[in-house]
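One letter stands for each residue in the lines below.
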Amino acid sequence: MGEFDKNSALLERSLRELKRLSTFLDHNPNPIVELDRNGAITYVNLAVFQKFLDFTTERNAHPMLTGVMDVVARLWESGEVVATREISIGGDRYEQQISLSLENQLVRVYLNDITQRKHAEEKILRQAHYDALTGLPNRFLFIDRLNQSLARGKRRGQMVGVLFLDLDNFKQVNDTLGHTIGDTLLQHVAKRIESTIREGDTVSRLGGDEFAIILVDLDRSEDIIRISQKLLDIFLLPIQLKNQEIYITASIGISIYPRDGKVSEELLQNADTAMYRAKEQGRNLYQFFSSEMNLKIAEKLSLEMAMRQMLPEKQLLLYYQPIVELSSGKIVGMEALARWKHPEWGLVSPSRFIPIAEETGLIVPIGEHILRMACAQIHCWHDQGFQNLHVAVNISARQFHRQDILQTVGSALSESGLTASLLDIELTESILQSTEFTVATIFNLRAKGVKVSIDDFGTGYSSFSYLKRFSVNKLKIDRSFIQDIATDPDDRVIVKTIITLAHSLRLKVIAEGVETNDQLDFLRAHECDEIQGYLFSPPLTAEEATQCLSKWQYVSDVPPHGRGALLYNVLIF
Ligand code: C2E
Ligand code: MG
Ligand code: MG
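As a starting point, this report considers the structure included with it. (Residues numbered from 1 in each chain as written. Chains lettered and ligands numbered in written order. Predicted model: local features only at pLDDT ≥ 70, side-chain atom pairs only at ≥ 80, totals over all residues. Heavy atoms only, no water.)

Ranked by size, the top nonpolar core spans 82 residues in total, and within it Leu423 and Leu523 carry the most contacts. A per-element tally of this core places helix H12 (residues 363–383) first, with 8 residues. Not counting chain neighbours up to four residues away, the residues in contact with Leu423 comprise Leu371, Cys375, Val391, Val393, Val409, Leu413, Leu418, Val450 and Lys451. By size, the runner-up hydrophobic cluster in this structure holds 38 residues, among which are Leu136, Ile193, Phe211 and Ile246. (Core = buried A, V, L, I, M, F, W, Y, C linked by side-chain atoms within 4.5 Å. Buried < 20%, exposed > 50% of the residue type's maximum accessible area, 1.4 Å probe, protein only. Helix = DSSP H or I, 4+ residues; strand = E, 2+ residues; numbered from the N terminus. Contact = heavy atoms within 4.5 Å.)

This is the structure in structure tokens:
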């Protein structure tokens, strides 16, 4: 064999060898792409086309090449030759290896499908953290989430609620209908709970028929009550299983961070204890761990229930407390003070029922009723000859915002025929902190001719600059300052200052809660305009108030009220 033949046989063998080797690449089941330094494709194996039917050789046009050149740039910079990362393409997961071939300045991209492995890993993770039956977080994940919620609550100074919910008589369902039905029931319950709690809250199945719930972002304990009630309400409707309707109820125990515990285990334990108490109390209810919370709620609930009877049963009364003008010694007005005459509890004070009325929205009809009654009563006194007597009606902040106050005032005035300027609306300072809405509403009330006073002045965030902005008529100095005038020099300065500044803004000043002659003397000396308090008269029924008015105006030598005798001597000139 000549030299030439030898060489050509060698070449042929090498070519065959090369071809054979290249089939390794071509038929490799994993996608492989080669790029030049500029990102242009120089080789693609068959697996690429088999896996990605939409693959084209256009530069970087496919998701499998997205970002590859950025990685390459980083590799060049760092002097490394291989980088591995995980990417997703159309829901599948791949491990992508990008390597530089330095001698021929090429980039090789290898893909390895790891979708299956990822699914398996996730499944294991789920099994470790989630309940297989309901798909809810299990106890392990629950504690983890609770720890996070507690840390957040601590940072923000917010409460965290832990609810322990246990189905009533679940064992009976299991025993009589079988475990399959029992399991389906639990899945339904899980769904209902999940759709009841708010986003951000967590529900978990601890095991059996026990569920635990974390409530976050709580500003008031009332929020917990509302959600607990909603959770009990999800059992009002039967659970529909195949051909069967199952009625079931639950008992809930509640513990609250930080009052009932600082750490997860303690809170869960205390919620569990409270849940047992709910069972003892007759099931289908919730109980707080702290007994004082339970009392508060029980009282509140019964007040709320009873309050719904207040208007239909005509249990709402108004008492009237005379307002005396110091310069003339005359009764110039009456403050209407609400009273709830309950058939069993007797007279309930407004400071107890007004806040609950505000929360439940009952304040709207109650407030309307009060305004109407007060205007009608004053008008009636005018008819009896007590002219120019004005009436002061309290409107609380939440009432002010909930009710269409302009319309309510308007109709109370037109119904009673009372002159607008004889109606004085008392607002508390907390209203003044808020919005354009308040400014506009006060402005519109004033435009109607209605007077506006600031009640309990000095207890809130009072600021004289607010007063200018809100254009009110009168300040009512809070009782707490008047109380200690005789003994506390600071209070004397405060009262004196309020009077002086109010006068400089052309506002009238009234002192509330005047009980002694010393207080009266001081107020008179500093030219307070009006006073109101037990020294002259406590709040009176409409009848008593009529008597007081007649005696005061016509029988000038008889004190209008026993306790007012001292003042009477001072005031009769
Ligand atoms: P307020 O408007 O500051 O009413 C004055 C409160 O002080 C009344 O309590 C009155 O009975 C009491 N008081 C009057 N003179 C004296 C005194 O010399 N010494 C002492 N210690 N107390 C005196 P009341 O009637 O229990 O009302 C409490 C609060 O409830 C009222 O405070 C007012 O904020 C609210 N309120 C009363 N009626 C209504 C109403 O119709 N609607 C609204 N939204 N709130 C009302
Ligand atoms: Mg008042
Ligand atoms: Mg007051």
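If you add up the space inside the largest pocket, you get close to 1,000 Å³. Elements with a contribution of two residues or more to the lining of the largest pocket: strand S13 (316–325), strand S14 (331–342), helix H11 (350–360), H12, strand S16 (390–395), helix H13 (397–402), strand S17 (423–428) and strand S18 (451–457). Classifying every residue of the lining of the largest pocket gives 15 nonpolar, 11 polar and 10 charged. (1 Å grid on protein atoms, 1.4 Å probe; cavity = no way out; pocket = protein on both sides within 12 Å on 5 of 7 lines; lining within 4 Å. Points joined across faces, edges and corners; volume = space filled by probe spheres on them. Nonpolar A, V, L, I, M, F, W, Y, C, P; charged D, E, K, R; others polar.)

Another point: the pattern of salt bridges. Tallied over the entire structure, the rule returns 24 salt bridges. Lys476 is the partner of Glu335 in a salt bridge, and the nearest nitrogen-oxygen pair spans 2.7 Å. One end of the pair, Glu335, is in strand S14; the other, Lys476, is in strand S19 (residues 474–477), with 141 residues separating them in the sequence. For the residue pair Glu335 and Lys476, the accessibility class agrees, reading buried in each case. Among the salt bridges present, the one from Lys474 reaches Glu530, with a minimum N-O distance of 2.9 Å. Taken together, the residues Lys474 in strand S19 and Glu530 in strand S21 (residues 530–531) connect sequence positions 56 residues apart. The same class applies to Lys474 as to Glu530, namely buried. Linked by salt bridges that have partners in common, Glu86, Arg93, Arg117, Lys118 and Glu121 make up one network. (Salt bridge = Lys/Arg side-chain N within 4 Å of Asp/Glu carboxyl O.)

With that settled, consider the sheet that holds strand S5 (residues 106–113). Within the open sheet, the 5 strands sit side by side as S2-S1-S5-S4-S3. Their pairing is antiparallel. With one partner strand each, in any of the chains shown, strand S2 (41–44) and strand S3 (82–89) form the two edges of the open sheet. Recorded for the sheet is a direction-independent mean angle of 20° between the axes of neighbouring strands. Strand direction decides the pairing type here: strand S4 (residues 92–101) and S5, joined by 8 bridges, are antiparallel. (Pairing = 2+ DSSP bridges. Axes fitted to C-alpha atoms, helices over the stretch in contact; angles between N-to-C directions.)

The next subject is the coordination of the magnesium ion (ligand 2). Protein ligation of the magnesium ion (ligand 2) involves Glu335 (OE), Asn394 (OD1), Glu426 (OE) and Asp455 (OD), the donor distances falling in the range 2.0 to 2.2 Å. Coordination of the magnesium ion (ligand 2) draws on donor residues from a single chain, spaced E-x58-N-x31-E-x28-D in sequence. Distance-wise, the magnesium ion (ligand 3) is placed 4.1 Å from the magnesium ion (ligand 2), both being coordinated by Asp455. With Glu335 in strand S14 and Asp455 in strand S18, this pair connects stretches of sequence that are 120 residues apart. Exposure remark for Glu335: the relative accessible area of 4% places this residue in the buried category. With a relative accessible area of 7%, Asp455 lands in the buried category. (Donors = N, O, S within 2.8 Å, 3.2 Å for Na, K, Ca; no water.)

All right, on to the packing of aromatic side chains then. For the coordinates displayed, the defined rule picks out 7 aromatic pairs. Judged by centre distance (5.7 Å) and plane angle (85°), the rings of Phe49 and Phe55 are edge-to-face. With a relative accessible area of 36%, Phe49 lands in the partly exposed category. An aromatic cluster of at least three residues, connected via ring pairs, comprises Trp340, Trp345 and Phe353. Lying over the aromatic face of Tyr130, Arg126 brings its terminal NZ or CZ to 4.4 Å of the ring centre. (Phe/Tyr/Trp six-rings, centres within 6.5 Å; stacked < 30°, edge-to-face > 60°. Lys NZ or Arg CZ within 6 Å of the ring centre and 35° of its normal.)

For the pair helix H6 (residues 170–177) and helix H7 (residues 179–196), interaxial distance at closest approach is 6 Å and the crossing angle is 140°. With respect to their mutual orientation, H6 and H7 come out oblique. Residue-level inspection shows Phe170, Val173, Asn174 and Leu177 of H6 in contact with H7, the latter providing His179, Ile181, Gly182, Leu185 and Leu186. Grouping the constituent residues of the contact of H6 with H7 by class yields 6 nonpolar, 3 polar and no charged. (Parallel < 35°, antiparallel > 145°, perpendicular 65-115°, else oblique.)

This part is about the sheet that holds strand S12 (residues 286–288). With mixed pairing, the 5 strands of this open sheet are ordered in space as S7-S8-S6-S11-S12. At either margin of the open sheet sits one strand with a lone partner, and together these are strand S7 (202–207) and S12. Taking each pair of neighbouring strands and ignoring which way they run, the sheet shows an average axis angle of 20°. Alignment of strand S11 (residues 250–257) against S12, held across 3 bridges, turns out to be parallel. Residue Ile252 lies in a different strand from S12, and its bridge partner there is Tyr286. Each of S11 and S12 is contacted by helix H10 (residues 291–307), which is oriented at about 135° to S12, the strand it contacts most.

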